[in-house]
Amino acid sequence: MKRTPLIAGNWKMNTTVPEACSLAKAILAGMEPADGTETVICPPFVSLAPLHEVLAESPVKLGAQNMYFKPKGAFTGEVSASMIKPFCSYVILGHSERRQVFGESNELINAKIIAAVEAGLKPILCLGESLEQRKAGKAVDTVTGQLLSCLAEIRQTSGLVIAYEPVWAIGTGVNAGVDEVCQIMQALRAAVAGMYGTGAGEEVRLLYGGSVTAENAASYLSQPVIDGALLGGASLDPDQFTTIIKLAAAAKNI
Ligand code: PGA
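Residues numbered from 1 in each chain as written. Predicted model: local features only at pLDDT ≥ 70, side-chain atom pairs only at ≥ 80, totals over all residues. Heavy atoms only, no water.

Caption draft 1: Focus on the nonpolar core. Of all hydrophobic cores here, the largest spans 67 residues; its most connected members are Leu188 and Tyr208. Ranked by residue count, the leading element in this core is helix α8 (residues 178-196), at eight residues. Ranked by size, the runner-up nonpolar core spans twelve residues in total, among them Val40, Tyr90, Ile92 and Cys126. (Core = buried A, V, L, I, M, F, W, Y, C linked by side-chain atoms within 4.5 Å. Buried < 20%, exposed > 50% of the residue type's maximum accessible area, 1.4 Å probe, protein only. Helix = DSSP H or I, 4+ residues; strand = E, 2+ residues; numbered from the N terminus.)

This is how it looks when you write it as structure tokens:
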């Protein structure tokens, strides 16, 4: 099955609004027109509306980095699905920084996915094991366990994207080995097929994330089981980001 390659940039807590607009314009300037890949930028919340204008005539889509599952109310500091929906196609949920720094559980992430899907947003669900879990030989069990919990009560997976991001590879410069990543991806695809049927397992897009650079991106993107990448640091550098988009187009022969 042909899946559209996806390169997503998670800007995390970087860029003021003017900086975000400049970075988005630099990315647009470096991109090839319609190369068959899908590009998503996930800036801080305050830049979603201004970037929606900057990217209006472009194929680049926007994603949020998080959201809360309640529709509205007394939840100081939170943002709901309906607030981001006018600007976003995607929303990153369950990023390891949300899990580790802000204590998000699989149950909370599950509630957020349900709310995102109901609002018509495509979740980019992040999963990944810690170094201790990997060393203990529990990487596959950890990520498939996260998957089952995060997708509980969710009846259809259409549009779902899963990003495998080992915690020890995020922002460390230590990227995971391609064979290790492929093993996890195969387990994730099989788990989705087990939950939702073979078609869903074939359809779900799987991204690798964790210290991906323009130098190492092709080794992941050339693997048939890997559909793209979720980039942190590399997405803040327009040259690297657009190089990786071109590498994705080349690796997937489109
Ligand atoms: P990194 O971050 O590319 O800087 O390692 C990836 C991520 O957190 O999504």
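Caption draft 2: Structural detail: the site of the ligand. The full set close to the ligand counts 13 residues, and Lys12, His95, Glu165, Gly171 and Ser211 are the nearest of them. Residue His95 places a side-chain N or O atom 2.6 Å away from an oxygen atom belonging to the ligand. One of the backbone N or O atoms of Gly233 is found 2.9 Å from an oxygen atom in the ligand. In terms of residue class, the shell around the ligand is built from four nonpolar, seven polar and two charged. (Near = heavy atom within 4 Å. Polar contact = N/O pair within 3.5 Å; in protein donor to acceptor, adjacent residues only side chain to side chain. Nonpolar A, V, L, I, M, F, W, Y, C, P; charged D, E, K, R; others polar.)

Caption draft 3: Broad picture of the packing of helix α5 (residues 106-118) against helix α7 (residues 139-150). The N-to-C vectors of α5 and α7 enclose an angle of 50°; their axes lie 8 Å apart at closest approach. For the element pair α5 / α7, the angle class is oblique. On the side of α5, the interface is formed by Asn106, Ile109, Asn110 and Ile113, while α7 contributes Gln146, Ser149 and Cys150. (Axes fitted to C-alpha atoms, helices over the stretch in contact; angles between N-to-C directions. Parallel < 35°, antiparallel > 145°, perpendicular 65-115°, else oblique. Contact = heavy atoms within 4.5 Å.)

Caption draft 4: Quick look at the packing of helix α1 (residues 17-30) against helix α11 (residues 238-251). With their axes 9 Å apart at the nearest point, α1 and α11 run at an angle of 40° to one another. Regarding the angle of α1 to α11, the classification is oblique. The handedness of the crossing between α1 and α11 comes out as right-handed. Residues Leu23, Ala26, Ile27 and Gly30 of α1 lie in contact with α11, whose contacting residues are Pro238, Phe241, Thr242 and Lys246. Of the residues in the contact of α1 with α11, the class split is five nonpolar, two polar and one charged. (Left-handed = near helix turned anticlockwise from the far one by under 90°.)

Caption draft 5: Inspection of the state of the cysteines at higher detail. Within this structure, the stated rule accounts for zero disulfides. The structure places no disulfide on Cys21, whose sulfur is separated from the nearest cysteine sulfur, that of Cys88, by 14 Å. Judged by relative accessible area, which is 16%, Cys21 ranks as buried. With no disulfide of its own, Cys42 lies 7.6 Å from the sulfur of Cys88, the closest cysteine sulfur. (Disulfide = S-S within 2.5 Å.)

Caption draft 6: Examining the pairing of strand β3 (residues 61-64) more closely. Summarising the sheet, strand β2 (residues 38-42) and β3 pair through two bridges and their orientation is parallel. In the strand pairing of β3, Ile41 is matched with Leu62. Where β3 meets strand β4 (residues 90-93), two bridges bridge the pair, whose relative direction is parallel. In the strand pairing of β4, Gly63 is matched with Tyr90. (Pairing = 2+ DSSP bridges.)

Caption draft 7: Main features of the pattern of salt bridges. Here the structure, examined in full by the defined rule, presents nine salt bridges. With its nearest N and O atoms 2.7 Å apart, the salt bridge here joins Arg205 to Glu38. Highlighted residues: Arg205 in strand β7 (residues 205-209) and Glu38 in strand β2, separated in sequence by 167 residues. The same class applies to Arg205 as to Glu38, namely buried. The structure contains a network of salt bridges with shared partners spanning Arg3, Arg189 and Asp227. (Salt bridge = Lys/Arg side-chain N within 4 Å of Asp/Glu carboxyl O.)

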